[in-house]
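# An overview of the molecular structure
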Amino acid sequence: MFDSELLDILLIDRTTRKNIIWATSDYSSNGICFDEQDEITPDLVTGVYADLIQPRIAKPQNAQSGRTRDKAEVFTPSWICNKQNNLVDEEWFGRPDVFNTEDGVKWSATEKAVLFDGIKKNWCDYVDAQRLEISCGEAPYLVSRYDTVTGERIPLDQRIGLLDRKMRIVGENTDTAEDWLKWSQRAFESIYGYEYQGDNLLLARENLLYTYIDYYKERFGQCPSMTLLKNIAKIISWNIWQMDGLKYVVPLSCKPVEDFQMSLFEDFGEDDETLAQPSNACPGCARGNIYEHTGIYCKIMDWRSKTSVQFISMMKGGKHREWL
């Protein structure tokens with residue numbers, strides 16, 4: 001588990017300025033503070049609760065089945081993540097087998113440095129290209145420290161996540177420590193993912209931070225400073241956020257509204273009466289309109305402009321860069 005200051009950052013919900021919530025009843029048997037709408041605070045995941053949140057592969061089979069049934073939670077094996085990520089890169093580079101060669105459910109990383117010859121884009125463009133993993137779970141498409149289905153650890157030089165690929169490009173194209181630090185940060189600023197359930201979200205954020213540590217140690221032979229880790233953790237806490245992907249709001253944040261509909265009686269005069277008829281549902285939930293929810297619409301950070309924007313603004317054709 002991380003230092004307490006880092007954990008505080010990894011538990012932040014940047015939209016609400018509170019902590020992320022459990023958003024699952026799986027932990028309610030532990031007592032108060034573990035209901036689905038409760039915030040996840042450091043004391044609930046440390047000390048006697050240090051092993052409470054486990055990756056999906058370590059959860060009991062009945063818990064895995066329950067979440068598949070209730071939340072449609074199905075984790076993807078790394079070889080499928082790799083195959084799909086390869087398709088993204090084949091489109092970007094205009095050629096196949098850029099980062100690895102597939103062999104059934106296995107793969108072998110290419111040995112030579114990735115070339116950008118013959119295309120109009122360069123390595124900086126690749127690092128800055130924005131990537132989003134929807135309903136990210138433990139973020140297997142972004143980082144691949146382990147196979148989320150088998151639990152098998154994946155060596156650093158064979159990792160296949162979208163962020164792993166960016167970090168490889170950074171390593172192959174930077175000569176100085178200053179440049180590596182700059183472009184590794186930009187790589188983290190370029191990847192996004194959202195998740196409904198708080199335990200998965202925390203695991204995803206931890207996986208990204210551990211990934212940064214792994215690549216830093218490979219490059220410099222030591223662990224990064226706490227100041228550097230706090231900066232990366234801040235980026236992660238913005239870019240990997242908690243959201244109901246069907247509503248674009250913070251999970252469980254929709255509330256009923258008083259929708260007064262006036263009923264006018266036949267007679268007019270001093271005895272006229274009106275009836276207030278409150279609606280018990282959020283309009284967005286009732287009508288299936290993503291723009292009418294009473295919930296808290298989630299915000300993300302555009303790191304190039306240093307401004308936060310509502311994620312749903314991208315659905316309205318708002319100003320944003322291309323997402324692949």
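Right, let's walk through the structure included here. (Residues numbered from 1 in each chain as written. Predicted model: local features only at pLDDT ≥ 70, side-chain atom pairs only at ≥ 80, totals over all residues. Heavy atoms only, no water.)

## Examining the overall build of the chain
To keep things clear, this is the line we draw: Under the DSSP-based scheme used, a helix requires at least four consecutive residues in state H or I and a strand at least two consecutive residues in state E, with every element numbered from the N terminus. Partly exposed describes any residue whose relative accessible area lies between the buried limit of under 20% and the exposed limit of over 50%, with all areas from a 1.4 Å probe on protein chains only and scaled to the type maximum. Contact between two residues is taken to exist if any of their heavy atoms lie within 4.5 Å; hydrogens are not considered. Reported accessibility uses the Shrake-Rupley method at a 1.4 Å probe radius. Residues are deemed covered only where the shown protein chains occlude them.
Looking only at helices and strands, one finds 9 helices and 9 strands in the chain. Per-residue burial over the chain gives 45% buried out of 324 residues. Sequence separation of at least 24 residues holds for 65% of the intrachain contacts in the chain that already meet a minimum separation of 6. Carbon and sulfur atoms make up 50% of the accessible area of the chain, which totals about 16800 Å².

## Some points on the packing of aromatic side chains
Any pair of aromatic rings gets described here by the distance separating the centres and the angle formed by the planes. Going by this rule: A pair of aromatic rings is counted whenever rings of Phe, Tyr or Trp (Trp by its six-membered ring) have centres within 6.5 Å, and the orientation is called stacked for planes under 30 degrees apart, edge-to-face for over 60 and tilted otherwise. By the criterion adopted, a ring carries a charge over it if an Arg CZ or a Lys NZ lies within 6 Å of its centre and within 35 degrees of its normal.
Applying the stated criterion across every chain, the model contains 21 aromatic pairs. The interplanar angle of 35 degrees and the centroid separation of 6.2 Å between the aromatic rings of Tyr212 and Tyr216 together place this pair among those described as tilted. Remark: Tyr216 and Tyr212 occur in helix α7 (residues 198–220); sequence separation between them is 4 residues, near one turn of the helix. Of the aromatic side chains, those joined through ring pairs into one cluster are Trp92, Phe93, Phe99, Phe116 and Tyr126. When the ring centre of Trp92 is taken as reference, the NZ or CZ atom of Lys121 above it lies at 4.2 Å. Cation over ring: Lys166 sits above Tyr126, and NZ or CZ is 5.6 Å from the ring centre.

## Here's the deal with α7
This is how it is decided: What a helix should span is 1.5 Å times the count of its residues minus one.
Compared with the 33 Å implied by 1.5 Å per residue over 23 residues, the 33 Å span of α7 between its first and last C-alpha is a close match. Within α7, 17 of the 23 residues are buried, leaving the element largely enclosed by the surrounding structure.

## Focus on the packing of helix α6 (residues 177–189) against helix α8 (residues 226–239)
As a reminder of what qualifies: Angles here are taken between N-to-C directions and fall from 0 to 180 degrees, while the axes themselves are lines fitted to C-alpha atoms, restricted in helices to the stretch in contact. Roughly parallel means an angle under 35 degrees; roughly antiparallel means over 145; roughly perpendicular covers 65 to 115; every other angle is labelled oblique. By convention the crossing between two helices is left-handed if the near helix lies anticlockwise of the far one by an angle smaller than a right angle, and right-handed if it lies clockwise. Each residue is assigned to one of three groups, with Ala, Val, Leu, Ile, Met, Phe, Trp, Tyr, Cys and Pro labelled nonpolar, Asp, Glu, Lys and Arg labelled charged, and all others, Gly among them, labelled polar.
Contact geometry for α6 and α8: axes closest at 9 Å, N-to-C directions at 20 degrees. Judged on the interaxial angle alone, α8 and α6 are roughly parallel. Crossing handedness for the pair α6 and α8: right-handed. Residue-level inspection shows Leu181, Gln185, Phe188 and Glu189 of α6 in contact with α8, the latter providing Leu228, Asn231, Ile232, Ile235, Ile236 and Asn239. Each residue belonging to the contact of α6 with α8 can be placed in one class, and the counts come to 6 nonpolar, 3 polar and 1 charged.

## Side note on the pattern of salt bridges
Definition in use: In what follows, salt bridge is the name for a side-chain nitrogen of Lys or Arg lying within 4 Å of a carboxyl oxygen of Asp or Glu.
Inspection of every chain in the model, using the stated rule, returns 9 salt bridges. Across the pair Arg145 and Asp214 runs a salt bridge, and its minimum N-O distance is 3.8 Å. Taken together, the positions of Arg145 in the loop between β5 (131–133) and α5 (162–173) and Asp214 in helix α7 put the pair 69 residues apart, joining distant regions of the chain. What makes Arg145 buried here is its relative accessible area of 11%. Here Glu172 and Arg168 are joined by a salt bridge, their closest N and O atoms 2.8 Å apart. You can see Glu172 and its partner Arg168 sitting in helix α5, 4 residues apart, about one turn around the helix. Looking at Glu172, the relative accessible area reads 31%, which means it is partly exposed. Among the ionic contacts, a cluster of salt bridges with common partners joins Arg145, Arg159 and Asp214.

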